[in-house]
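Here is what each chain is made of, one letter per residue.
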Amino acid sequence: MSQQHENSTVDQGADESRVGAHGGMENSFGFQKVDEESKQGLVNEVFHSVAKRYDVMNDLMSAGLHRAWKDAMVAWLAPPKIPSHIQNWRSLDVAGGTGDIAFRIVEASDRQAHTTVLDINGSMLAVGQERAAKKGLLNNVDFVEANAEKLPFDDNSFDAYTIAFGIRNVPHIDWALEEAFRVLKPGGRFLCLEFSEVEMPLLDKIYDQWSFHAIPAIGKMVTGDAESYKYLVESIRKFPKQQDFANMITAAGFSRVTWRNFTGGIASLHSGWKI
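Residues numbered from 1 in each chain as written. Predicted model: local features only at pLDDT ≥ 70, side-chain atom pairs only at ≥ 80, totals over all residues. Heavy atoms only, no water.

Named according to an unreviewed UniProt entry, the protein is Ubiquinone/menaquinone biosynthesis C-methyltransferase UbiE originating from Pseudochrobactrum saccharolyticum. Its UniProt record, at the heading Function (unreviewed entry), says of the protein: "Methyltransferase required for the conversion of demethylmenaquinol (DMKH2) to menaquinol (MKH2) and the conversion of 2-polyprenyl-6-methoxy-1,4-benzoquinol (DDMQH2) to 2-polyprenyl-3-methyl-6-methoxy-1,4-benzoquinol (DMQH2)." One UniProt comment on the protein, placed under Sequence similarities (unreviewed entry), says "Belongs to the class I-like SAM-binding methyltransferase superfamily. MenG/UbiE family." (UniProt positions renumbered as here; feature names shortened; annotations may be inferred.)

Below, the structure is given as structure tokens:
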């Protein structure tokens, strides 16, 4: 993080409390209070920094479990394997620049589905496009650089909207949820995988020690960047609890909102339907 950003946008008074269903992430850069207008730029710097080591980042944050969680997310989505000329099933994966979820969706559909990957960060998208080419998936996946808070798509455009480990980095989460509801077709599915509040005694203490002490140190050793990992750990602790986030999804218009905890609540997968 540049010294200019630290001096001009960040209040060094730390706030470690989680935000609630009312929101508040727009003024939070980790535990630091920031100007609402500065949040997105600060987050962009983090992901420009970690883009080429994104898998390493997620392995560090989840002890490698993110791969199983993402598989479970796509299994719950269950994209149809109906030939695309019969059913033109389309999904939108937001904040998914490197393609992790999109590629899983396409493969789970026997390469019948089409997925649009949207990310605000060009560095992340560049990694995803390179990976898609290597996997031979460019006919099934396209990449769009845009903001989750203002999607460049018509109403009722997609059958599914997915976002994995990205929504906590969106300044105005409520705006992103409203946009998700808008672009989904009636009957469309919303799925969000995000780090959450650990609800298993003892595991929460172990995970805190790992997160706040080990991850930034390992991040510095592996990538030379401790500050980005420090932000990512702190952003997890600021994100709303499971019930509060479910309330936000409901407030955006979704029905049948529920969630599943993974690994004692280290991560949680939220689901909602546009009915």
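Visitor: Tell me about the packing of helix α8 (residues 203-223) against helix α9 (residues 226-238), and name the residues and values.
Guide: Angle between the axes and distance between the axes: these two values describe a pair of packed helices. Where α8 meets α9, the axes come as close as 7 Å, and the angle between the chain directions of the two elements is 155 degrees. Classed by the angle they form, the pair α8 and α9 counts as roughly antiparallel. As for the relative orientation of α8 and α9, their crossing is right-handed in sense. Of the residues in α9, those touching α8 at Y207, D208, S211, F212, I215, P216, G219, K220 and T223 are A226, Y229, K230, V233, E234, I236 and R237. (Axes fitted to C-alpha atoms, helices over the stretch in contact; angles between N-to-C directions. Helix = DSSP H or I, 4+ residues; strand = E, 2+ residues; numbered from the N terminus. Parallel < 35°, antiparallel > 145°, perpendicular 65-115°, else oblique. Left-handed = near helix turned anticlockwise from the far one by under 90°. Contact = heavy atoms within 4.5 Å.)

Visitor: Could you give an account of the pattern of salt bridges, with specific residues and numbers?
Guide: Within the structure shown, the criterion is met by 13 salt bridges. A salt bridge links R182 to D155; its shortest N-O distance comes to 2.8 Å. Taken together, the positions of R182 in helix α7 (residues 173-183) and D155 in the loop between β6 (141-145) and β7 (158-164) put the pair 27 residues apart, joining distant regions of the chain. Residue class for D155 comes out partly exposed when judged on its relative accessible area of 46%. The salt bridge involving E179 is made with R182; its shortest N-O contact spans 2.8 Å. With E179 and R182 both in helix α7, this residue pair falls three residues apart, about one helical turn. Assessed through its relative accessible area of 13%, E179 is described here as buried. The class of R182 is partly exposed, set by a relative accessible area of 22%. Bridged by salt links that share partners, the residues K70, D100 and R131 form one connected network. (Salt bridge = Lys/Arg side-chain N within 4 Å of Asp/Glu carboxyl O. Buried < 20%, exposed > 50% of the residue type's maximum accessible area, 1.4 Å probe, protein only.)

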